Amino acid sequence: MEGRRKRDGEFCFDVTIIGAGASGMACAILLARCGVSVALIEKQSRGGKKILASGNGKCNITNTNLLPKHFLGKNDKLIKSLLGNCSFEKIEEFFNSLGLEFDVKDDGKAYPKSHRASIVLELLEQEIKRLGVKIFYNVDNLKVDNNFSIKFNKNTLNCKQLIIATGSKAAPQLGGDISGLEIAKKFGHNIIKPLPALVPLTSNSKICKALSGVKVKASVKLVVNNTEKSSRVEDLLFTPYGVSGLAILDLSFDAVVNLYDKKDVKIVVDFFPDINRENLQKYLKQRIDKKRSLPLKLWLGAIMDSKLASYLVDELNLSDKTENNLNTKTVKEIVNICKAYEIEISGYREFKYAEVARGGVDTRELTENLESKRVKGLYFIGEVTDIVGKRGGYNFSFAWCSAFRVSETLLEV
């Protein structure tokens, strides 16, 4: 439902939402379906660009396992409250109402049946159009005063409630910025320092450049000041600048915070995660064939990535040896380097390469309905807050859940 035009360039709406991303569009739809006049303000020529890029273009919309442990933020009570009123079934029902059906994988990840992120955005846009929600695109020089009078591009919008859904600094090429945080600061809110998350890490270790492009399944431990913090068994990708892959993206939540705090960070990699040291040693000894006399690079490269095997053999100064030269001592050396390879981490990639961001509007200053405790009628949803979801559809899940909570709250007013 469109708002009332008072005069050229001046409009009145019940609710204005700044940011036409996932949470902003969902909230606009839920409100407009109930007859609330809603305006959406978007700085880009099109909203929802992060939706198009998510899940390698397939869009991991949500997950069946919506548990608090999959979300990070400063307000655990708020996270539990939101999830207590937001289920996978509720999210699925919303998207079914748009005409979208889910393909749910064994690990709980849900995708559109078409496996195309574009259909998710197109269906959201179609519903917004059907409902007559007023959208202002290409907005710049936006100013918000204390009475929720919003000025931009020679337009003035007045509203009763204001929802900030501008997202985070992650992926600025897709519209990520700090505009919502600046609005929050204007209204006196504390901002938790935004940091990249789900982001590759940098390293000066020689192995990274030498094996750039090599991807292996490994167990990767994150060690901070000589204390193990977390671990993952997933893909590890070597790059010219350091390390990436699913294991690194997952570990980056902890790694980036500790790197920002100037702590010593390294990863310890086990290239044979499915076999313990003792059994690996037995296995390697059983593979020795004195008659065959294979060069060690071929001998080891036959049971793991050949480029990685060649690099490890060189590092052990065994490149001129054959399996005939192996003894208990050298086999142990091979086991040690394969089961606990240390890579010092020097930093992390910038926001351009981050899928999400940690930090944002301090949720301890919000009610359980995501309303500002400082300014009545001001709400924050999605990634502009300090709550972030882990990999697996959880960040989008928070977008939908926070949109549900605020829309339901405003419909009760």
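Data block above holds the structure.
Residues numbered from 1 in each chain as written. Predicted model: local features only at pLDDT ≥ 70, side-chain atom pairs only at ≥ 80, totals over all residues. Heavy atoms only, no water.

A. Here's a closer look at the side chain of Thr239. By the element assignment, Thr239 lies in the loop between strand S15 (227-238) and strand S16 (242-244). At a separation of 2.9 Å, a polar atom in the side chain of Thr239 contacts the main-chain amide nitrogen of Gly242. Look past the residues within four positions of Thr239 in its chain and what remains in contact with it is Cys208, Lys209, Ser212 and Ser244. (Helix = DSSP H or I, 4+ residues; strand = E, 2+ residues; numbered from the N terminus. Polar contact = N/O pair within 3.5 Å; in protein donor to acceptor, adjacent residues only side chain to side chain. Contact = heavy atoms within 4.5 Å.)

B. Local environment of the state of the cysteines. Under the defined criterion, the tally for this structure stands at one disulfide. Note on cysteine connectivity: Cys86 is disulfide-linked to Cys401, with sulfurs 2.2 Å apart. Disulfide Cys86-Cys401: the torsion about the S-S bond is -80°, which places it as left-handed. Separated by 315 residues along the polypeptide, Cys86 in the loop between helix H3 (76-84) and helix H4 (88-98) and Cys401 in helix H13 (residues 394-412) bring together distant segments of the chain. Note on Cys86: relative accessible area 3%, which makes it buried. Using a relative accessible area of 3% as the deciding quantity, one classes Cys401 as buried. In this structure Cys208 is a free cysteine whose sulfur lies 16 Å from that of Cys338, the closest cysteine sulfur available. Note on Cys208: relative accessible area 0%, which makes it buried. Residue classification places Cys338 among the buried residues on the basis of a relative accessible area of 0%. (Disulfide = S-S within 2.5 Å. Buried < 20%, exposed > 50% of the residue type's maximum accessible area, 1.4 Å probe, protein only.)

C. Molecular detail of the nonpolar core. Counting residues in hydrophobic clusters, the biggest one holds 82 residues, and the most contacted among them are Phe95 and Ile163. Ranked by residue count, the leading element in this core is H13, at 10 residues. Those residues in contact with Phe95 that lie beyond four places of it in its chain are Ile61, Leu100, Phe102, Val120, Leu124 and Trp400. One finds Ala170, Cys208, Val224 and Ile337 within the second-largest nonpolar core, a separate group that totals 51 residues. (Core = buried A, V, L, I, M, F, W, Y, C linked by side-chain atoms within 4.5 Å.)

D. Examining the packing of helix H1 (residues 22-32) against helix H5 (residues 117-131) more closely. Across the interface, H1 lies against H5 with an axial gap of 10 Å and an inter-helix angle of 35°. Like other packed secondary-structure pairs, H1 and H5 cross with a definite hand, here left-handed. From H1, Met25, Ile29 and Ala32 reach across to H5, where they touch Leu121, Leu124, Glu127, Ile128 and Leu131. When grouped by side-chain class, the residues that make up the contact of H1 with H5 number seven nonpolar, no polar and one charged. (Axes fitted to C-alpha atoms, helices over the stretch in contact; angles between N-to-C directions. Left-handed = near helix turned anticlockwise from the far one by under 90°. Nonpolar A, V, L, I, M, F, W, Y, C, P; charged D, E, K, R; others polar.)

E. Spatial organisation of the sheet that holds strand S17 (residues 265-270). Taking strand neighbours across the sheet as the criterion, the seven strands line up as S18-S17-S14-S15-S16-S13-S19 in an open arrangement whose pairing is antiparallel. This sheet does not close on itself; its edge strands, each paired only once, are strand S18 (341-345) and strand S19 (347-348). Strand direction decides the pairing type here: S15 and S16, joined by two bridges, are antiparallel. Directly across from Phe238, in S16, lies its bridge partner Val243. The sheet contacts of helix H8 (residues 246-260) involve strand S13 (201-202), strand S14 (215-224), S15, S16, S17, S18 and S19, and relative to S15 the element is tilted by about 135°. (Pairing = 2+ DSSP bridges.)

F. The layout of surface pockets, seen in detail. Its boundaries defined by the atoms lining it, the second largest pocket holds a volume of some 290 Å³. What lines the second largest pocket is a set of 15 residues, among which Lys74, Ile192, Val257, Arg358 and Gly359 lie closest to the centre. Mapped onto the lining of the second largest pocket, the elements with two or more residues apiece are strand S12 (191-197), H8 and strand S20 (356-361). Among the elements that make up the lining of the second largest pocket, the one with the highest residue count is H8 (four residues). For the lining of the second largest pocket, the per-class residue count stands at six nonpolar, three polar and six charged. (1 Å grid on protein atoms, 1.4 Å probe; cavity = no way out; pocket = protein on both sides within 12 Å on 5 of 7 lines; lining within 4 Å. Points joined across faces, edges and corners; volume = space filled by probe spheres on them.)

G. Inspection of the sheet that holds strand S7 (residues 109-112) at higher detail. With antiparallel pairing, three strands are arranged side by side in an open sheet as S4-S7-S6. Edge positions in the sheet fall to strand S4 (62-63) and strand S6 (102-104), since each of these pairs with one other strand and no more. In the sheet, S4 pairs with S7 via two bridges, with the strands oriented antiparallel. Pairing of Asn63 across the sheet is with Lys109, part of S7.

H. Structural detail: the pattern of salt bridges. One pass over the full model with this rule turns up 22 salt bridges. The shortest N-O distance in the salt bridge between Arg391 and Glu234 comes to 3.7 Å. Taken together, the positions of Arg391 in the loop between strand S22 (388-389) and H13 and Glu234 in strand S15 put the pair 157 residues apart, joining distant regions of the chain. Taking relative accessible area as the criterion, Arg391 reaches 21% and is therefore assigned partly exposed. Classification of Glu234 as partly exposed rests on a relative accessible area of 26%. Asp314 is paired through a salt bridge with Lys297; the nearest N and O atoms lie 3.0 Å apart. Linking Asp314 in helix H11 (residues 306-315) with Lys297 in helix H10 (residues 296-301), this pair joins segments that are 17 residues apart in sequence. Given a relative accessible area of 36%, Asp314 falls into the partly exposed group. Each of Arg232, Glu234, Asp250 and Arg391 takes part in one network of salt bridges that share partners. (Salt bridge = Lys/Arg side-chain N within 4 Å of Asp/Glu carboxyl O.)

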